[in-house]
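So the chains spell out like this:
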Amino acid sequence: MTAPTTTATRAAAPAPALPSAARLGLARTGAELRAFFRERDAVIFIFTYPVIMLAIFASVFDGQDQGMDGYGVPFAQYFLPGMVATGVMLTSFQSLAISIAVERDDGTLKRLRSTPLPATAYFYGKVGLVLATSVVQTALLLALAAFAFDVPMPWTMPDGAERVATFLWVFVLGCAAGAVCGVAFSSLPRSGKSATAVVTPVVLVLQFISGVFFAFFALPTWMQSVASVFPLKWMAQGMRSVFLPEEAASLEPSGSWQHGATAAVLVAWLVVGLVVGARTFRWRRRDDG
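Counting restarts for each chain, with residues numbered from 1 along the sequence as it is written. Thresholds applied to this predicted model are a pLDDT of at least 70 for local features of residues and 80 or more for the giving and counting of side-chain atom pairs; totals over whole chains, interfaces and linings are not thresholded and use all residues. Based on all heavy atoms of the structure, the side-chain values leave hydrogens and waters out of the count.

S.K.: Just to check I follow, could you spell out unusual backbone geometry for this structure?
M.R.: Backbone geometry follows two general trends: most residues other than glycine have a negative phi, and most peptide bonds adopt the trans configuration. We note that aspartate 150 has phi near 55 degrees; this positive angle belongs to a residue other than glycine. Helix and strand definitions here come from DSSP, where helices need a minimum of 4 consecutive H or I residues and strands a minimum of 2 consecutive E residues; each element is numbered from the N-terminal end. Position of aspartate 150 relative to the elements: it lies in the loop between helix 6 (119-149) and helix 7 (160-185). On the basis of relative accessible area, aspartate 150 is assigned to the exposed category, the value being 65%. One non-glycine residue, glutamine 258, adopts positive backbone phi at about 55 degrees. Take glutamine 258: it is sitting in the loop between helix 10 (231-243) and helix 11 (259-280). Any residue under 20% of the maximum accessible area for its type is buried, any over 50% is exposed, and the rest in between are partly exposed; the area is computed with a 1.4 Å probe on protein chains only. Judged by its relative accessible area of 29%, glutamine 258 is partly exposed.

Below you can see the structure in the form of structure tokens.
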């Protein structure tokens, strides 16, 4: 006959282990991805915008070499690095700045904050969302460039291993800097409805001055100086070092790819975004206490 369970026995039983922050973050990433793919408008814009822009510009300017005297670089090859960089900015900075502002406005953040879910798991989920969507979007861009416009991929070049390594660290740092800056910037819109109107113009201006739509060396000097303050210019330059011939570095304002400066600027924005985000992030609307 089994002895009845006493209060002392129940007290002695070990408490069930709580899920780790990493496990909760992984679960939150899945929830973020499901919510993201339900928003068809956002999915179509974020995934197709860089692809469509690459297809249009590469088709319109087919046969032009962007003024790269004697280097024989087709327009599609020169344009691709900028579109990879702007794609990362769309999936990280713009996507998070808008979505978090909307979630704060409709009360989602307030409800999440009242649950046992750690705040770190919420942010892990956002980072996971950024990485997953950035990888898919970049893969679509590279596939289009390779199969439709015969753009050589970095791993097919003689120094392919070095170029792939550069691609990876620029990509990861770009995603990280864009994500934390998006979280920080999400506190600026006064409401979810105004988020798109506040965030999108910032992204568009940076695209025009950072060598995304136009050759960076052809932009006015003052515009190059302004763009050099922001991470998109450095992401685009880092990606150009991956996809363009080594000789093309002479067309950069400094005459080199400046990998050290690229890493330093992206890390600096990562730190600034973390500090500003930690100080300004709010779980409630301004009018909600």
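S.K.: What am I meant to see in the pattern of salt bridges here?
M.R.: For side chains bearing opposite charge, pairing can occur when the charged atoms are close. Each salt bridge in this description consists of a side-chain nitrogen of Lys or Arg and a carboxyl oxygen of Asp or Glu lying within 4 Å of one another. Here the structure, examined in full by the defined rule, presents five salt bridges. Between glutamate 32 and arginine 28 there is a salt bridge; the shortest N-O distance is 3.2 Å. Taken together, the residues glutamate 32 and arginine 28, both in helix 2 (residues 21-38) and four residues apart, mark about one turn of the helix. The residues glutamate 32 and arginine 28 share a single accessibility class, namely buried.

S.K.: Looking at this model, I keep getting lost on helix 6. Mind explaining?
M.R.: In an α-helix, one turn spans 3.6 residues, which is why side chains three or four residues apart end up on the same side. Helix span, expected: 1.5 Å multiplied by one less than the number of residues in the helix. Here helix 6 is 31 residues long and its end C-alpha atoms lie 44 Å apart, about the 45 Å a rise of 1.5 Å per residue gives. Directly after helix 6, the chain includes aspartate 150, whose backbone phi takes a positive value near 55 degrees.

S.K.: Explanation requested: the side chain of glutamine 237 in the structure shown.
M.R.: As for its position among the elements, glutamine 237 is in helix 10. Within the structure, the side chain of glutamine 237 is placed 2.8 Å from the side chain of lysine 233, a separation counted as a polar contact. Throughout this description, a polar contact denotes any pair of N or O atoms lying within 3.5 Å of each other; where both atoms belong to protein, one of them has to be capable of donating a hydrogen while the other can accept it, and for residues adjacent in sequence the pair is counted only when both atoms sit in side chains.

S.K.: Whenever I open this one, the environment of methionine 235 confuses me. Can you help?
M.R.: Relative to the helices and strands, methionine 235 resides in helix 10. Judged by its relative accessible area of 5%, methionine 235 is buried. Sequence spacing of methionine 235 and phenylalanine 171 is 64 residues, and the spatial spacing of their C-alpha atoms is 7.8 Å. In this analysis, two residues are considered to be in contact whenever any of their non-hydrogen atoms come within 4.5 Å of each other. Setting aside anything within four residues of it in sequence, one finds methionine 235 in contact with Ala85, Val88, Val170, Gly174 and Leu266.

S.K.: Even after reading the chapter, I still don't get the confidence of the model for the protein chain, so can you show me in this structure?
M.R.: Note that predicted coordinates carrying low pLDDT should not be read in detail. pLDDT expresses, on a scale from 0 to 100, how confident the predictor is about each individual residue. When pLDDT is averaged along the protein chain, the result is 86; 89% of the residues meet or exceed 70. Within the protein chain, helix 10 carries the highest mean pLDDT (96), whereas helix 1 (residues 7-12) carries the lowest (51).

S.K.: In this structure, what is going on with the environment of valine 136? I would like to understand it.
M.R.: Residue position: valine 136 is located in helix 6. Take valine 136: its relative accessible area is 38%, and that puts it in the partly exposed class. Note: C-alpha distance between valine 136 and phenylalanine 47 (89 residues apart in sequence) is 8.0 Å.

S.K.: Looking at this structure, I do not really get the packing of aromatic side chains. What am I missing?
M.R.: The aromatic pairing rule takes the rings of Phe, Tyr and Trp, using the six-membered ring of Trp, and pairs them if the centres are within 6.5 Å, calling planes under 30 degrees apart stacked, those over 60 edge-to-face and the rest tilted. This structure, assessed with the given rule, holds 19 aromatic pairs. Measuring from centroid to centroid gives 6.3 Å for tyrosine 78 and phenylalanine 217, while their planes differ by 80 degrees, and the two rings are edge-to-face. Separated by 139 residues along the polypeptide, tyrosine 78 in helix 4 (residues 75-105) and phenylalanine 217 in the loop between helix 8 (192-209) and helix 9 (221-227) bring together distant segments of the chain. Take phenylalanine 217: its relative accessible area is 27%, and that puts it in the partly exposed class. Measuring from ring centre to ring centre gives 5.6 Å for tyrosine 122 and tryptophan 283, while their planes differ by 55 degrees; the resulting arrangement is tilted. Highlighted residues: tyrosine 122 in helix 6 and tryptophan 283 in the segment after helix 11, separated in sequence by 161 residues. Among the aromatic residues, ring-to-ring pairing joins Phe57, Phe75, Phe79, Phe208, Phe213 and Phe214 into one connected group. Over the aromatic face of phenylalanine 281 sits the side chain of arginine 104, whose NZ or CZ is 5.3 Å from the ring centroid. Any Lys NZ or Arg CZ that is within 6 Å of a ring centre and within 35 degrees of that ring's normal is treated as a charge sitting over the ring.

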